[in-house]
Amino acid sequence: MSKETLSPMQQELLDRADSIFESVAKTVTNITDIAKEQLPDIAHQYLMFQSAYITFMMVLSIVLGYVGYLFIKKGIAEETSFDISMAYFLGAFPTIIWALVLFFTYLKDFFMVWFAPKIFLITHIVQLVK
């Protein structure tokens, strides 16, 4: 479109486009500055949450493993009937399997969040970007 074919409203909008784009650019710059200022705090809170959550899951897996061990121990020590002993054994195996799954699922992240937190943070940021 040439300037001659523009309506008065289009011409006014075109005249104000520079100020509109400048305002948008300033807003984006301000938001970027705020995000840059808050980034260390956000990263720290994310690492703290992940370390607490992963540690809880590791402790839970160890507790479940111990409960499974107690089921097996009780099943071996139980001398009343075969059915009661089998009930303990049947309760022990899913508990131990679940404990092992939890343990090995969170083992790598547990070590990374406690011994290499920067690498942990970078790998999780990369996963978020993907």
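Quantities reported herein were computed from a predicted structural model and do not represent experimental measurements.

Right, let's get into the overall build of the chain. Looking only at helices and strands, the chain features three helices and zero strands. Across the chain, helices and strands are ordered from the amino to the carboxyl terminus as α-α-α. Compactness check: the chain gives a C-alpha radius of gyration of 30 Å against a globular reference of 14 Å for 130 residues, more than 25% above the reference. Across its three principal axes, the chain shows a C-alpha extent of roughly 100 × 35 × 15 Å. By the burial criterion, 18% of the 130 residues in the chain qualify as buried. A separation of at least 24 residues holds for 65% of the contacts in the chain among residues at least 6 apart in sequence. In the form shown here, the chain has an accessible surface area of approximately 10200 Å², with 72% of it arising from carbon and sulfur atoms. Considering the chain, the positive charge centre built from 9 side chains and the negative charge centre built from 12 side chains are found 6 Å apart.

The next point concerns the packing of aromatic side chains. What the rule picks out here adds up to six aromatic pairs. For the ring pair Phe111 and Phe115, a centre distance of 5.9 Å and an interplane angle of 25° mean the geometry is stacked. A residue pair is termed a helical-turn pair when its members lie 3 or 4 positions apart in one helix, as Phe111 and Phe115 do in helix 2 (residues 82-115) at four residues. Note on Phe111: relative accessible area 43%, which makes it partly exposed. One aromatic cluster is present, formed by Phe49, Tyr53 and Tyr106 through successive ring pairs.

What follows concerns the confidence of the model for the chain. A residue-level look at the chain finds 92% of positions with pLDDT of 70 or above and a mean pLDDT of 84. Of all the helices and strands in the chain, helix 1 (residues 8-77) carries the lowest mean pLDDT, 85, while helix 2 carries the highest, 89.

Below, the discussion takes up the environment of Ala92. By the element assignment, Ala92 lies in helix 2. As for Ala92 and Tyr66, which are separated by 26 residues in sequence, their C-alpha atoms are 9.7 Å apart. Excluding anything up to four places from it in sequence, Ala92 contacts Gly68, Phe71 and Ile72.

Soluble globular proteins tend to pack their nonpolar side chains together in the buried interior. In this structure, Ala43, Leu47, Ile54, Met57, Met58, Leu102, Tyr106, Met112, Val113, Phe120 and Leu121 together form the largest nonpolar core, which totals eleven residues. When residues of this core are traced back to their parent elements, those giving at least two are helix 1, helix 2 and helix 3 (117-129). Here this core takes five residues from helix 1, the largest share from any one element. The contacts of Tyr106, once residues within four sequence positions are left out, are Tyr53, Ile54, Met57 and Met58.

Contact pair helix 1 / helix 3: the axes reach a minimum separation of 11 Å and the direction vectors enclose 100°. By the angle between their axes, helix 1 is roughly perpendicular relative to helix 3. Between helix 1 and helix 3, the contacting residues are Ala43, Tyr46, Leu47, Gln50 and Ile54 on the first element and Pro117, Phe120, Leu121 and His124 on the second. By residue class, the composition of the contact of helix 1 with helix 3 is seven nonpolar, two polar and no charged.

Basis of the calculations
- Residues numbered from 1 in each chain as written.
- Predicted model: local features only at pLDDT ≥ 70, side-chain atom pairs only at ≥ 80, totals over all residues.
- Heavy atoms only, no water.
- Helix = DSSP H or I, 4+ residues; strand = E, 2+ residues; numbered from the N terminus.
- Rg over C-alpha atoms; globule rule 2.2 N^0.38 Å.
- Buried < 20%, exposed > 50% of the residue type's maximum accessible area, 1.4 Å probe, protein only.
- Contact = heavy atoms within 4.5 Å.
- Areas by Shrake-Rupley, 256 points an atom, 1.4 Å probe, with all protein chains shown as cover.
- Lys, Arg positive; Asp, Glu negative; His and termini not counted.
- Charge placed at Lys NZ, Arg CZ, Asp CG, Glu CD.
- Phe/Tyr/Trp six-rings, centres within 6.5 Å; stacked < 30°, edge-to-face > 60°.
- pLDDT = per-residue confidence, 0-100.
- Core = buried A, V, L, I, M, F, W, Y, C linked by side-chain atoms within 4.5 Å.
- Axes fitted to C-alpha atoms, helices over the stretch in contact; angles between N-to-C directions.
- Parallel < 35°, antiparallel > 145°, perpendicular 65-115°, else oblique.
- Nonpolar A, V, L, I, M, F, W, Y, C, P; charged D, E, K, R; others polar.

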